[in-house]
Structure formats: structure tokens, C-alpha cells
Amino acid sequence: MVNELPPSGDTDKIWEYIKAGVDRILNNPGENLGNNAYINLYTAVYNFCTSLKNSSGSIYYTATDATQSAHGSPFGKHLYELLKQNVADYMRRVAESSQTHTGDDLLAFYNQEWTKYGDSAKITHNIFSYLNRHWIQREQDEGSNVCDVSTLMYQLWRDQFFMSIRSTLLDSVFSLMTRIRNGQVADINLVKSVADSFVSLGNDDSGGMSKRMEVYEKYFLVPFIKASVDYYREEADRLLQEGSTIDYIVRVSSRLQEEDDRVELYLHESSLKEFKDALNKVLITRQNEKFCMEFEPLLDSRDTLNLKRLYSLMARTGKGSTLDPLRDVFSAYVKKAGLEAIKQVSGSEDTGGAIAKDARLFVNAVLGVHSLFAGILHDSFEGDTGFSKSLDNACMDFINTNAMCPDGEPRAPQMLAHYCDTLLKKGSGNVRKAGAEGASDEDSLEAQLSQAICVLKYISATDVFQKFYSQHLSRRLVYEQSVSSYGEEMMISKLKENSGVDFTSRLTRMFTDMTISKEMSEEFKEKCSDGDFAIPFDFDMKVLHTVSWPLKAPDNKLLLPSQLSSVCNRFTNYYQNKHNGRKLNWMWQHSKAEIKMFFPKATGPAAKAGYIFHVSTFQLAILMLFSDESGPGTGYDSPNGPTLTLEQITQATGLSVDIVKPELEIFCKARVLISSNSKINSESKFMLNANFKSKHLRINLAVTKKVEQKREASDTMRAVDVDRMYTLQAAIVRIMKTRKQLTHRQLVQDTITMIKVFQASIGDIKKGIDTLIDKGYIERSEGSRDVYNYLA
Amino acid sequence: MPRSKAADKRQAKDTTDVSGPAAKRPATRATKAKVNSKTKRAKNSKHTDSKTEAEPVDMSEELFAQYQDFERTDGKNMIGPEGFERLSTDLGYDMSRIEPLVLMWKLGCTEMGTVPYENWTQSLSSMGASNLDQLKKAVDSAVSKLESDQKVYKQFYRQMFDYLKTGKQKVISVDYAKDILPVIKGAKDTLFDRFVAFLDANSEKIKTINRDQWQSLLELSRSMDDSLSGYSKEDAWPAMFDDFAEWVQNQK
């Protein structure tokens, strides 16, 4: 500084000194002021403010005026005004020189001045800190509209310069952005600096903190968004005119991606959402209908890439209700596809109603459709929960009711249970081989079981599935047909995971019975050999607890051949010694045997070794009659052995005609026995076929008859119905117990919600209510008949 | 028609009695005197601690004795079905009409056609009746009250279920219901006729009616016209009425 610091008291001189310093700072804030000059200026401000009179000598105030003194001298206000005037002059000069610039040039000029001015404001603010801290502070405390020096300077920038050029400035911003959007190179940082300056300019004087961003929002953001929207509206209209919706989707996707990437480089973070929303609106929402129309064709062509684009576009405007129309279309589409797929397989092969074949076709069709759309859900819709729900709903719809599963008949769970049975049963390897090449048997089995569980998730009547599954499982266990215990256990643990412990507890107990039976069988055999009793044949038994097994106790009494009964009685004794008080029923209808028979005309190995027949115990009892010399037959002198009438057979075996007749039909068909007349009736007589011959040494005669299968299925369904009624009543009682009093509709609603394993119908619930009223668990409320009371 | 029902019941009772109480019969006669003395005692005690004393001519005891029937009621102190029928006839009531049922109800019968002594005295005194004329008046006014007062009718209607059921059974036979419904129906209960027709049409399927169904029938009749056009399966009607409503709607 050249000038000496003027002495205190001479305010004119002091101001001149200060003005020179301020001008220097404004024009060249980068130049180092130096400590001395800085301190001098600071002191000058102090001196000015603390002056008692002005240069002309007039006294503004006397020391005796205590109140005035407390407010500082009027020179504070004087200095404030002088500074304001001076900076305003400077701003006008800047505004003037800005006139010579346009376009990017103007932006560059503006930014340069802005940076410079920012520095100036900071330094000036500090130099005037005495004024800031005293006069300004006091004025502000009293509520006057005075601001600190830094803010004052930004206001002057805004009012004296910015307001006059802001529209030209914005035009330059727009033109730069347009060039960038058109693919030309331009410096985006220019836009950022301008935007930042707008942010720093704060409010429009009127508001407080709440409107801190007002200048930016009002003078930058709003016009900027409007210009951007105009730009893209025009582009959108052009795109749609020139190309297809798909082209549009492709182009807009990449456009929005560009904007997303770019916007963070220049826009204030608080306005990103507003900007994006505006673009989404002009580019996406306007075309929602077109997009929706495009959706189904894209599904038709399984165009996952464009589906993904379409989804991403629409998801930008919110994943809520905007996507619902698509979700509905998706749901309906999947349902239709599912129904179609099942319809095709239901007619493609004449299965003659054989459930095993139907089951395989059905499950495969379901899985095909499900995995296709689950794939699309994953690849194209990012696993969106709404779409996932649509898929689930659609699957539930088409899996439970379709061409193979008439409405109201729980055929789907039945078929699924059959499918599981074919997977887990020995000798149906053709299904399992469908697994991927190279995968081990166990791995492919596990994969297929998982798929079955996937279908099970959509089955509405899981109780039916459970009943049939346990029916099949019991057969596999009793007849030792399981493909592997590993497979069985795997499935049980999967079921437990999917449906809970309640679902599998009974099934697990069946396995326990099997283990115990095995141990018991060995112990019994040991006991026999210890007691010098030789079992005359291979004997094996399984003891099954009635509650755990879906098998009915026999309703007919079989008179065992003596060879068998000796062993069976021995076992009964053994068991009853072991478990006193338990009742042991022999379930002959589920037991099997092998019998070796020699026929005189047999040739080859059969002549020596005889034929081995796999037979049921009923069949065994019948066949044994023909070798029993003390039996009821006559004519033992005949080479064919005894000849027996139907009545003799039923009497000797204790079995009813209904059971004996079909077995005899099997024997006659296999030509093991010969009947006196082709159609078996009470007059028929039977004898062994002495001329029996077969290519096979082992022959299975214990085939499950179709009638039996059907009867078993309907028995199982009846068991399901009974269980359902109990489940229903239990649910109603449980609800009423907690609620004490409930309206009919609410009770029906709650019951439906509570029961998960099947869909309770209103009619059934009403029947349940009827029963419970009858049994005295609940009553109709006196006075309002649609309200029930719980009776404790 | 109730006549036949009452007779049926009586006969059923007779036949079941045959096996056991052949030996008891003489005893029954012997107890007659006993019962009479009991009756007198009851009468005496009643006269000492009850206000009926003030009434000039109380014939209620005599009337009870008149219709009591030891033979038929196995010696119990009650009016039996036959005695009840005689009483109804003496009052000028036609057994195939509603009046005998109202009489039974007003007499506090718990079972059809039998009036225990306690119920007899209590009911008569609460009706303020001590002779046949007064009793007839009370019953006649009760009959007309059934038409005018829905609440009273409901009580009466509900009581009918207990008359129709046998012993500890919780249901009544459809045949009894079909007999009694036309007799007891109010002027507005044309739905009862339809219900009877429905029961006829489904006689293979529906053999019994439980208390809830019985009570709900009256509610249904009083809350809907007989085309059941306002019926909804979603409402709290017994499941049987779903079939009934469907049947009614198919009749058109």
C-alpha cells in the first residue's frame, strides 16, 4: 500500500483509503495484499466506525448519549452505504463488459468473474469484520434488513449483474446442452460452474432459510428442465414418427442412460430427482399405453432383452401402480400359456386315464411353463416382487384348474403325488433319466424332487397331496420299492422345509416303524433259532403303527395255510410278550410271497427248478389249496391234482367271493389254473394246469388291479374330506375361542384365512358351523342371527 | 295330524312298556290311592301358603284328577296323552288344529301330551284359570296373541321342537316337522308350505332337522318373501337352506 493509514477522525480520508483498498481487491483478488495492508484496512474500518464526528466537524452524536453509544456510531451505517455503492458501481462495470461476450464465451467470462468475485467477497468480508460484528450484528438483532458484507456482495452481484444477464446466460447454457445432447463436444463444466453460482446466490431476499435455493430453482432449474423437456418432446415425437415402438424403447433407454450419467456432473444433487422425473414423464409416461401394447408381442417372441428395456423404462417412473397393467397382462399371459400347455399334453397321448402317465405329462408341462416365465422374471424384470406375485398367481390358477384338472376336483395334487411316486419308486427309471447328462443319479433325482416341490408351492389343496403322498410312501415302504432311502429322506426334508413339520411328522414316523421292524425281525429270527424252531421259509414282517399309516385294517379274515400260520402265531406271541396290551392285526392284503411250483410238462430249467410265482398272500392261500392233500378237493388220483369249486375255495380260505374271483381270473389268464367254464361263476371248477409252460422262470401274478387302484384313490379322497371337516371345525372353534363373539361373515373370512392346506368353501364352512351349533360349541346370538357366541 | 303323532307316541310307549312292567301293573293300581293322598297333601300345602285361597271356586285340583291317567302314565303324577286329548276335546278343540298345541304350551308341557302335576298347578294359577271356561278363555286369547305378537309366536314355535323330539335325541324326524308346520304356521308363513314341499322332494336326502335349522326356518320366513329372492349363500343360514333356496328358485 502506498498510502499511509489516515488518522482517525477524518472519515472522508479514511473512506478514500478504504475505497482504494476495496477496488484493488475487486479488480485483482488474486494479488496478495500483504499483512500490513490487510491490517491497515481492517484498522481503517475500525477507525471509521468509531469516529465521533465527520470530516466537516459536525457532531453526529455526543458521548453522553448512552443509548446511541451502545448502538455504535452512525458511521457504521455510513460505511455500509458507501461500500454498497462502491461495489454496485463495480458490478455495473462487469455487466457492461459482459455485453461483448456470447455463447460459451459468455459462460467462460461469467465463470471467471464469478470465481474472482467470490475471492473478493471473502477478503472484503474479512476486512470489514468489525462492521460485521458490531453495527451489522446489532442492526440484525433489532430485526433490520441488513446483511453481512459477504451476503451484501452476493446480493449486489445478483441484483446489479446477474439479473440483467441471466436470460442470455441461460440461452448459452441451453445451446451448450443442446450441442452435447446432439453428440457434439462441449465443456460441461461451464454449465456446472454456472449452476453452482446460482446455488450460491441463495434466496430472492424474501425468504429465510427455507428458500436458500430459490435463485437456483427459479432462475436455473425450472427453465433448464423446461428446455430439456422441450428438447426431448421433440425428439420423442420424431422417433415415434420415424420408427417402431421397439426402436423408440431402445433409443430412449440409451438416451436416459446418457442423461443419468451426465446430470450428476452439473446439476445440484437436490434437483436430480426432479430433473429425471421430468424426463421420465416426457419420454416414458406419455407413451405408457404404447408400451403396454408392445408388452404382449414381446412376451410372444420371448424377447428378454427388449422386455428388460421396457421394464426398466417403466420402472423408472415407479415400481408401484405404473407397472400394474403390465403385471396383469403378464399374469394373464402365463395363465393362458399354462392352460394351453396342459391342454396340449392332455390330448397328445391317449393315456386312457392312467394317472401315472397323466401325472408325468402334467408335471412336465407345468414345469416347462413355470421355468420359462421364471426365467423371464429373472432376466427381464429383475425379479420384481410385483411380477413375481403375478407369476405365482397365474401358476396357482392354471395348475389347480385346467384341462386335466376339472374345477373343484383336486386332481392336480393327486397327479403331483403320483409324479413324486414315479420319481421315488424302483423300476420307473425312464422318468429319472430325463436329468442332465453327466449328473449323477442322486443329483438328478434331487433336482427333479426340487421341481416337484416347486409345483407343490402352487397347489391349493396340499392336504390332498399329503394324503396321496403318504399313501404312495406307505406302499413304497411296505413293498420295499423305494429307489433309495437317500431319495426318500431328501424328499421328506424338502417337504418339511416347504410345508412345515406338521406336514411330515406322520411320514417320519413311518420311517421309524421301518427301522424298528427290521430290528424286531432279526430279534425274532434269533429267538426262533435259539428255541430250536426252524422257520420253514424266508419270513419277513413289518409292524406298522395304525395312527401313522394310511392303511386300513383288513375287513376279512384269511384262513392261512398251516405252514404259514405256525410262524405267524409264533410271531404274534413273541410280539405280545414284548408289548403287552397291543393289538396286532395281520394285513394280509398288503403281504406278498414267492412260491415255487413244479409242473410235469415243464421243459428246460423249469423242469428241474420249477417256476417261481410272485403272489399276494390271498393268492398264495388259494394256490396252496391245490397242493394240500388234506384239503377240501377231490380227485387226488388225477394227474392234475384236486379239482375245487368256487365255494370250496372261499370256504377253505375264508375269503369272500369278491376277493377270490378276481384272483382266480388272474390265475386262469396266466394259465396256471384251468376253469371248467370260461366265465367264472358259482358253478366253476378249478384245477391246476398240468400243461403250464412259460418262457419266464419268474412270473409276477400280484398285479394291482385297476379297480383296486381306483378304490384306493376314492378311499383316500374320502379320508381327505373327513380330515377337512375336522380341520374346519377345529379352526372355527379356535377362532371363536379367542374372539368369543363374531359375525358370520367375519368368521367365514377368518376361517378361510386360517386354513392354509386347502381352500375352504363357504358351503363347507357353513356345514362346520351347523355341526358346531349342534354340538353346542357355539350358538347363534339371541336377537342378531348372523352373530355367533362361543360357548365355553 | 298331531293327533296321529300323539297316538303314535302313546302306542310306542305302550309297546315299550310291555316287556318290563307287566308285574308292575298291579302296583300301579295300588299307588293310585297313594298318589291321590299326595295330591291332597299338595293341595293342602298350597292352600296354606298361596294366595289362590282368595279365589271362590278353585277347580284345578279336581280337573287334574279328572284327566289324570295312571294306566297310561305308568303311575306318575301327571296327565298323559290320552287324558290330554280328553281335556282338549272337552274344551272343544279339534286335535288337528293349533289350539291343543297352544294348550300344551300354556300348560308348560315339556313333552308332547304330558302334563306333570307341578306344571299344571303353576300354569293354571299363572293363567288365572281354575275351571274349564277360564282355561279355554286363556288359551283362546293366547292363540290370537300368536298372530299379533311375533315374540310370543317365536317362543311357541321354538317350544314345538322340544315336543317333536324324542328323548335325548337332538334332532326331530322330518315326518313330524312336515305334519306340524302347516298346523302352526302364521298367516304370513307361506314359506312353511314350500319348505314342506322341499322336504317331500328331498325325502331320500333329508331325514332329520336339528334345532338350529328349525329355529332358522322361522327367521327365514319372517325375513324374506317366499320366493327367497333375497337369499344369499354368504349369509348366516344353515347349509341346508342353500339347497332349499336353490330348490325354491328352480321351482319358478
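Residue numbers restart at each chain and count upward from 1, following the sequence in its written direction. Here every chain gets a letter starting at A, and every ligand a number starting at 1, in the order they are written. In keeping with the model being predicted, local features are shown solely for residues with a pLDDT of at least 70 and side-chain atom pairs are shown and tallied solely at 80 or more, while totals for entire chains, interfaces and linings include all residues. Heavy atoms throughout the structure, all of them, feed into the side-chain values; hydrogens and water do not.

(A) Examining the overall build of chain A more closely. Per the convention used, a helix needs a DSSP run of H or I reaching at least four residues, while a strand needs a run of E reaching at least two, with both numbered from the N terminus. Helix and strand counts for chain A stand at 30 helices and nine strands. Partly exposed residues are those whose accessible area sits between 20% and 50% of the maximum for their type, while under 20% is buried and over 50% is exposed, using a 1.4 Å probe and protein chains only. Burial status across chain A gives 46% buried among its 792 residues. Any two residues whose heavy atoms approach within 4.5 Å at even a single point are treated as in contact. At a minimum sequence separation of 6, the contacts of chain A that also span at least 24 residues come to 68%. Shrake-Rupley sampling with a 1.4 Å probe provides the accessible areas, and residues are treated as covered by the protein chains on show and by no other component. Accessible area of chain A: about 40,100 Å², with a carbon and sulfur share of 50%.

(B) Looking closely at a negative patch on the surface. Residue and element names in this part refer to chain A. Excluding any residue in a salt bridge, patches collect residues exceeding 30% relative accessible area, merging like charges within 9 Å and nonpolar Val, Leu, Ile, Met, Phe, Trp and Tyr side chains within 5 Å. A pairing counts as a salt bridge when a side-chain nitrogen of Lys or Arg comes within 4 Å of a carboxyl oxygen of Asp or Glu. Within this scheme the basic residues Lys and Arg register as positive and the acidic residues Asp and Glu register as negative, but His and the chain ends are omitted. For charged residues, the charge sits on one atom: NZ in Lys, CZ in Arg, CG in Asp, CD in Glu. Among the surface-exposed residues, Glu 519, Glu 522, Glu 526, Asp 530 and Asp 532 lie close enough to one another that they form a single negatively charged patch. Tracing the backbone through its elements, the reader meets Glu 526 in helix H22 (residues 501-530). Looking at Glu 526, the relative accessible area reads 52%, which means it is exposed.

(C) Representation of the sheet that holds strand E7 (residues 741-743) of chain A in the model. Residues and elements named next belong to chain A. Here we have three strands laid out as an open sheet, ordered E7-E9-E8, and antiparallel in their pairing. Each edge of the open sheet carries a strand with a single partner, namely E7 and strand E8 (778-780). Strand after strand, the sheet turns through a mean of 25° between neighbouring axes, direction not considered. Here, a strand pair is defined by DSSP locating no fewer than two bridges between the strands. The pairing of E7 with strand E9 (residues 787-790) spans three bridges and is classified as antiparallel. Looking at the pairing, Leu 742 lines up with Tyr 788 of E9. Where helix H29 (residues 744-754) meets the sheet, its contacts fall on E7 and E9, and the angle it forms with E7 comes to roughly 95°. Packing against the sheet, helix H30 (residues 762-775) makes contact with E8 and E9, and its axis sits at approximately 100° to E8. The axes used here are C-alpha line fits, helices contributing only the stretch in contact, and every angle between their N-to-C directions lies in the interval 0 to 180 degrees.

(D) Spotlight on the interface of chain B and chain A. Of the residues lining the interface, 18 residues belong to chain B; the matching set on chain A comes to 15 residues. When chain B packs against chain A, close to 1,300 Å² is buried across both sides, 40% of that on carbon and sulfur atoms. Taken as a group, B:Asp212, B:Glu234 and B:Ala236 account for 39% of the area that chain B buries against chain A, more than any other trio of residues on that side. Scanning the region where chain B abuts chain A turns up five salt bridges. The buried area of a pairing is the accessible area, by a 1.4 Å probe, that goes missing from both parts when the two are put together, added over both.

(E) Layout of the environment of B:Gln68. Residues and elements named next belong to chain B. Relative to the helices and strands, Gln 68 resides in the loop between helix H3 (60-67) and strand E1 (78-79). The class of Gln 68 is buried, set by a relative accessible area of 8%. Sequence-wise, Gln 68 and Pro 116 are 48 residues apart; in three dimensions their C-alpha atoms are separated by 9.5 Å.

(F) Structural context of the packing of aromatic side chains. Residues and elements named next belong to chain B. Any two rings among Phe, Tyr and Trp, with Trp reduced to its six-membered ring, count as a pair given centres within 6.5 Å; such a pair is stacked if its planes are under 30 degrees apart, edge-to-face if over 60, and tilted if neither. Counted according to the given criterion, the structure contains 58 aromatic pairs over all chains. Centre to centre, the rings of Phe 195 and Phe 198 are 6.0 Å apart; their planes meet at 35°, and the pair counts as tilted. Residue Phe 195 and its partner Phe 198 are located together in helix H10 (residues 190-201), separated by three residues, close to a single helical turn. Each of the two residues, Phe 195 as well as Phe 198, counts as buried. Ring geometry for Phe 195 versus Phe 241: centroids 6.0 Å apart, planes at 70°, classification edge-to-face. Here Phe 195, found in helix H10, pairs with Phe 241, found in helix H12 (residues 239-251); they are 46 residues apart in sequence, far enough to count as distant. In this structure Phe 241 comes out as buried when scored by relative accessible area, which is 0%.

(G) Seen up close, the confidence of the model for chain A. Residue and element names in this part refer to chain A. When pLDDT is averaged along chain A, the result is 82, and 91% of the positions lie at 70 or above. The low-confidence segment residues 57-71 (pLDDT under 50) makes 14 contacts with residues lying over four places distant or belonging to another chain. Looking at any residue, its pLDDT shows the predictor's confidence there, from 0 to 100. This model gives residues 430-438 a pLDDT under 50, and the stretch forms 14 contacts once residues within four places in sequence are excluded.

(H) Representation of the side chain of A:Asn280 in the model. All names here are of chain A. With respect to the helices and strands, Asn 280 occurs in helix H11 (residues 272-283). A relative accessible area of 4% places Asn 280 in the buried class. In contact with Asn 280, other than residues within four places in its own chain, are Leu 256, Thr 285, Arg 316 and Thr 317.

(I) Representation of the layout of surface pockets. All names here are of chain A. Residues are said to line a cavity or pocket when one of their atoms sits within 4 Å of a point; the points come from a 1 Å grid over protein atoms alone, cavities being sets where a 1.4 Å probe fits but cannot get out and pockets being open sets with protein on both sides within 12 Å along at least five of seven lines. Grid points are joined across faces, edges and corners, and a volume is the space filled by probe spheres set on the points. Of the voids in this model, the second largest pocket is the one considered here, and its volume is about 900 Å³. Lining the second largest pocket are 33 residues, and of these Thr 462, Asp 463, Lys 756, Val 757 and Phe 758 lie nearest its centre. Taken together, the elements giving at least two residues each to the lining of the second largest pocket come down to helix H16 (385-400), helix H20 (462-478), helix H21 (485-499), H22 and helix H28 (706-739). Ranked by residue count, the leading element in the lining of the second largest pocket is H22, at five residues. Residue composition of the lining of the second largest pocket, by class: twelve nonpolar, eleven polar and ten charged. For this scheme, ten residues count as nonpolar: Ala, Val, Leu, Ile, Met, Phe, Trp, Tyr, Cys and Pro. Four count as charged, namely Asp, Glu, Lys and Arg, and the remainder, Gly too, count as polar.

(J) Just the sheet that holds strand E3 (residues 644-645) of chain A, in detail. All names here are of chain A. Sheet architecture is open: three strands sit in the order E3-E5-E4, paired in antiparallel fashion. If you trace the sheet from one side to the other, it starts and ends with E3 and strand E4 (673-675), each paired once. Inspection of the sheet shows E4 paired to strand E5 (residues 685-688) by three bridges, in the antiparallel sense. In the strand pairing of E5, Ile 674 is matched with Met 687.

(K) Quick peek at the packing of H28(A) against H30(A). Residue and element names in this part refer to chain A. Interaxial distance between H28 and H30 falls to 9 Å at its minimum, and their mutual angle equals 65°. Taken together, H28 and H30 sit at an angle that is classed as roughly perpendicular. The two elements H28 and H30 cross, and the hand of that crossing is right-handed. Residues Met 725, Leu 728, Gln 729, Ile 732 and Val 733 of H28 touch H30, and the partners they reach there are Asp 764, Ile 765, Lys 767, Gly 768, Ile 769, Thr 771, Leu 772 and Lys 775. Broken down by class, the residue content of the contact of H28 with H30 amounts to seven nonpolar, three polar and three charged. Orientation labels follow simple angle bins: below 35 degrees gives roughly parallel, above 145 gives roughly antiparallel, 65 to 115 gives roughly perpendicular, and whatever is left gives oblique. By definition, turning the near helix anticlockwise from the far helix through less than a right angle yields a left-handed crossing, and turning it clockwise yields a right-handed one.

(L) The arrangement of the nonpolar core in detail. We define a nonpolar core as any set of buried Ala, Val, Leu, Ile, Met, Phe, Trp, Tyr and Cys residues linked to one another through side-chain atoms lying within 4.5 Å. Counting 189 residues, the largest nonpolar core has A:Tyr110 and A:Phe220 as the members making the most contacts within it. The element best represented in this core is helix H7 (residues 149-181) of chain A, accounting for 15 residues. Of all hydrophobic cores here, the second largest spans 66 residues; its members include B:Val102, B:Leu103, B:Leu146 and B:Phe241.

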